[in-house]
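# Summary of the model geometry
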Amino acid sequence: MRSKGKTSPISYYDKLSGKTVLAVLFLLALFIRFPFFFRDYIDRDESTFILVGQALADGYLPYTFLWDLKPPLVFFIIGGLISIFGKSFIAIRLFGTIAVCLTAFFTYKIGGHVFSKKIGIWSSLGAVLLLSLFGSLQGVMSEHISMLFFIPGLYFLVKSRNNSNVVLSGLLIGMALMTKINLAYAALFLTLFLLVAGVRTASWKQGLMRSLLFGASNLIVILLTLLPYYLTGKADAWWKSVFLAPLEYTSAEPFSPEKILPFIILITAFFLFAWKKHKLNFENPNAQLLLIALAGVCFSFIKGGKVNGHYLIQVYPILLLFVGAFLSALPHLKKWNWAPVMLVLLFLLPVESYREYYAIITHKRERGTYFNGEGIRVPQYLLAEGLNTENVLFLEYHIGYWLLDKMPPTLAATHPSNLCREELFPFFDNPRRTTIEELKFIMEDLKPATVVIRKNKRIFDKEEVEANQYVQQYLQKFYALQNSID
């Protein structure tokens, strides 16, 4: 029994409205991510999305004028932002902030349905932090965009598995896998779960209907991304780039046990321990659904043979809910008032943001602008010095193409690292077969008047010995250093 006049923490959390939680999550996400709105680039992938998005805004479908190994919805979204707001770092980064906020909000909504509002609230705050800090997560990654659709898709399945919710969820998760193709495994696992769960709780007819509705909704989204290619006679480019190229990339990547096994062992050990100690209720159908979705994501990591920081964006929202539920079930922790501890962590963890606030204020004081980075400074220098920008090659800071209103010289050069992925060349009909042939074509035939590289750094990854050697020797022989910027 509860004594009169006292209010338990649970009742306090229950009093919070969805609008209040949404506002808090947005303000937290904005505070953490705002100082990074002014960076030239935070991750090379983000710069590539912007370049392909700009080409789309100019009328060129992805994979036909510029090329990258991502599903088309990423480029359609970024291209749409550019079409509406122009060349605005702030608009793109603000979209990233909204994506993080909404992902965290639907994490909270799922938590409230499956566990408790308290777990949902703290998990959503943790999601904002983990989707925004450490490494390159302040940028707009394809994983951020995929979770903007995937987590709401899970919410509608958790809320109710009636036919309309199943269709809505299928459409959202279809959009998610058209921004991050590895989520196809999660979609497949969820389709099978809906079949089995429907059979167990109702009938074969019910289970089959739900799984077919979900799968068909996924397929509708996929086919809609095909439509503009089909109408322009370029369906082959879509098929090879969206499906065949990722399969080849995955098979060509060496399996790296040191990059995947520690994560898989750790997450498996957590769930086994929680199950053995009866700290998580896996008899709850909605908890089963979340676990199946998480298993699908983790299985895609195993198939890919590695996991890195921005891949984990796809894991954090669901995993935080389970961790929160686990901690809440520990008897000796139930007596603790965790709110002050969590608030202190919320204050201390965004160290990267505090440093970036200081950096942009200092930059504004010294150079008169908040916008910073070599990707911005180099184009400014080229224009100020009257250097040739009509034929320029960015082997680093390739966001510079965008600021100069130029495009990379070849499809393979859209993302600098793609120059060394010769196994992908056939999927965009590249006339050169090897990395060295591509580099020789760019350097010896196109003859860029200006080449931008990092000072005292390898041009490509250390494994690309031949490519590094060729470009470095060619630059030493035929080019002179004009200047070093920052």
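The structure under discussion appears in the preceding block.
Cut-offs applied
- Residues numbered from 1 in each chain as written.
- Predicted model: local features only at pLDDT ≥ 70, side-chain atom pairs only at ≥ 80, totals over all residues.
- Heavy atoms only, no water.
- Helix = DSSP H or I, 4+ residues; strand = E, 2+ residues; numbered from the N terminus.
- Contact = heavy atoms within 4.5 Å.
- Axes fitted to C-alpha atoms, helices over the stretch in contact; angles between N-to-C directions.
- Parallel < 35°, antiparallel > 145°, perpendicular 65-115°, else oblique.
- Left-handed = near helix turned anticlockwise from the far one by under 90°.
- Core = buried A, V, L, I, M, F, W, Y, C linked by side-chain atoms within 4.5 Å.
- Buried < 20%, exposed > 50% of the residue type's maximum accessible area, 1.4 Å probe, protein only.
- Salt bridge = Lys/Arg side-chain N within 4 Å of Asp/Glu carboxyl O.
- Expected span 1.5 Å × (residues − 1).
- Polar contact = N/O pair within 3.5 Å; in protein donor to acceptor, adjacent residues only side chain to side chain.
- Patch = residues over 30% accessible without salt bridge, like charges linked within 9 Å, V, L, I, M, F, W, Y side chains within 5 Å.
- Areas by Shrake-Rupley, 256 points an atom, 1.4 Å probe, with all protein chains shown as cover.
- Phe/Tyr/Trp six-rings, centres within 6.5 Å; stacked < 30°, edge-to-face > 60°.
- Lys NZ or Arg CZ within 6 Å of the ring centre and 35° of its normal.

### Some thoughts on the environment of Tyr-13
Within the element layout of this structure, Tyr-13 appears in helix H1 (residues 9-15). For the pair formed by Tyr-13 and Gly-86, sequence separation is 73 residues and the distance between their alpha carbons is 41 Å. Sequence-distant contacts of Tyr-13, defined by excluding residues within four places in its chain, comprise Lys-117, Lys-118, Ile-121, Trp-122 and Ala-339.

### Considering the packing of helix H8 (residues 163-177) against helix H9 (residues 184-201)
Running from N to C, H8 and H9 point in directions that differ by 160 degrees, and their axes come no closer than 9 Å. Between H8 and H9, the angle falls in the class roughly antiparallel. Note that H8 runs across H9; the crossing there is left-handed. On the side of H8, the interface is formed by Val-166, Ile-173 and Leu-177, while H9 contributes Ala-184, Ala-187, Leu-190 and Leu-194.

### Section: the nonpolar core
Formed by 149 residues in total, the largest nonpolar core has its most connected members in Phe-150, Leu-154 and Leu-290. The element that contributes the greatest number of residues to this core is helix H5 (residues 89-114), accounting for 12 residues. Ignoring sequence-local partners within four residues, the contact set of Leu-154 consists of Ile-110, Ser-169, Ile-173, Leu-190, Leu-289, Leu-290, Ala-293 and Ile-318.

### Description of the pattern of salt bridges
Enumeration according to the criterion identifies 12 salt bridges in this entry. As a salt-bridge pair, Lys-180 and Glu-143 come within 3.1 Å of each other at their nearest N and O atoms. Of this pair, Lys-180 sits in the loop between H8 and H9 while Glu-143 sits in helix H7 (residues 142-159), placing them 37 residues apart in sequence. For the pair shown, Lys-180 and Glu-143 are each scored as buried. In this structure, Arg-432 engages Glu-438 in a salt bridge whose closest nitrogen and oxygen atoms are separated by 3.0 Å. Across this residue pair, the class does not change: Arg-432 and Glu-438 are buried. Each of Arg-44, Glu-396 and Arg-454 takes part in one network of salt bridges that share partners.

### Some details on helix H13 (residues 285-304)
An α-helix turns once per 3.6 residues; consequently, residues spaced three or four apart project the same way. For H13, spanning 20 residues, the distance from its first C-alpha to its last is 29 Å, which sits close to the expected 28 Å at 1.5 Å a residue. For H13, the full list of buried residues reads Asn-286, Ala-287, Leu-289, Leu-290, Ala-293, Leu-294, Gly-296, Val-297, Cys-298, Ser-300 and Phe-301. Those residues of H13 that are buried lie in contact with H5, H7, H9, helix H12 (257-276) and helix H14 (316-328). Residue Asn-284 occupies the N-cap position of H13, its side-chain oxygen lying 2.9 Å from the main-chain nitrogen of Asn-286. Immediately beyond the C-terminal end of H13, within one or two residues, lies Gly-305, with a positive phi of roughly 80 degrees.

### Quick look at the packing of H13 against H14
Between H13 and H14, the shortest axis-to-axis distance is 10 Å and the interhelical angle comes to 135 degrees. As summarised for this structure, H13 and H14 are arranged oblique, according to the angle between their axes. Helix-helix and strand crossings are classified by hand; for H13 and H14 the assignment is left-handed. Judged by residue contacts, Ala-287, Leu-290, Leu-291, Ala-293 and Leu-294 of H13 engage Ile-318, Leu-319, Leu-321 and Phe-322 from H14.

### Section: a nonpolar patch on the surface
Taken together, the side chains of Phe-31, Val-344, Phe-347, Leu-348, Val-351 and Tyr-354 define a hydrophobic patch exposed on the protein surface, amounting to about 560 Å² of accessible area. For the nonpolar patch, the secondary structure elements donating two or more residues are helix H16 (338-348) and helix H17 (351-367). No other element matches the three residues that H16 contributes to the nonpolar patch. Here Val-351 lies in helix H17. Given the relative accessible area of 45%, Val-351 is considered partly exposed.

### With respect to the side chain of Ser-123
On the secondary structure map, Ser-123 appears in helix H6 (residues 117-130). According to the relative accessible area criterion, Ser-123 is buried, its value standing at 4%. Sequence-distant contacts of Ser-123, that is, excluding residues within four places in its chain, are made with Thr-107, Leu-320 and Leu-321.

### Observations concerning the packing of aromatic side chains
Across all of its chains, the model carries 37 aromatic pairs by this definition. Here Phe-89 and Trp-402 contribute two aromatic rings whose centre-to-centre distance is 5.3 Å and whose plane-to-plane angle is 80 degrees, an arrangement assigned as edge-to-face. Of the two residues, Phe-89 sits in helix H5 while Trp-402 sits in helix H19 (residues 400-403), which places them 313 residues apart along the sequence. Given a relative accessible area of 1%, Trp-402 falls into the buried group. Here a set of aromatic residues connected by ring pairs shows up, and it is made of Phe-34, Phe-37, Phe-38, Phe-89, Tyr-370, Phe-371 and Trp-402. The ring of Tyr-370 is capped by Lys-364, whose NZ or CZ atom sits 5.4 Å from the centre of that ring. The ring of Phe-441 carries the charged tip of Arg-432 above its face, separated from the ring centre by 3.8 Å.

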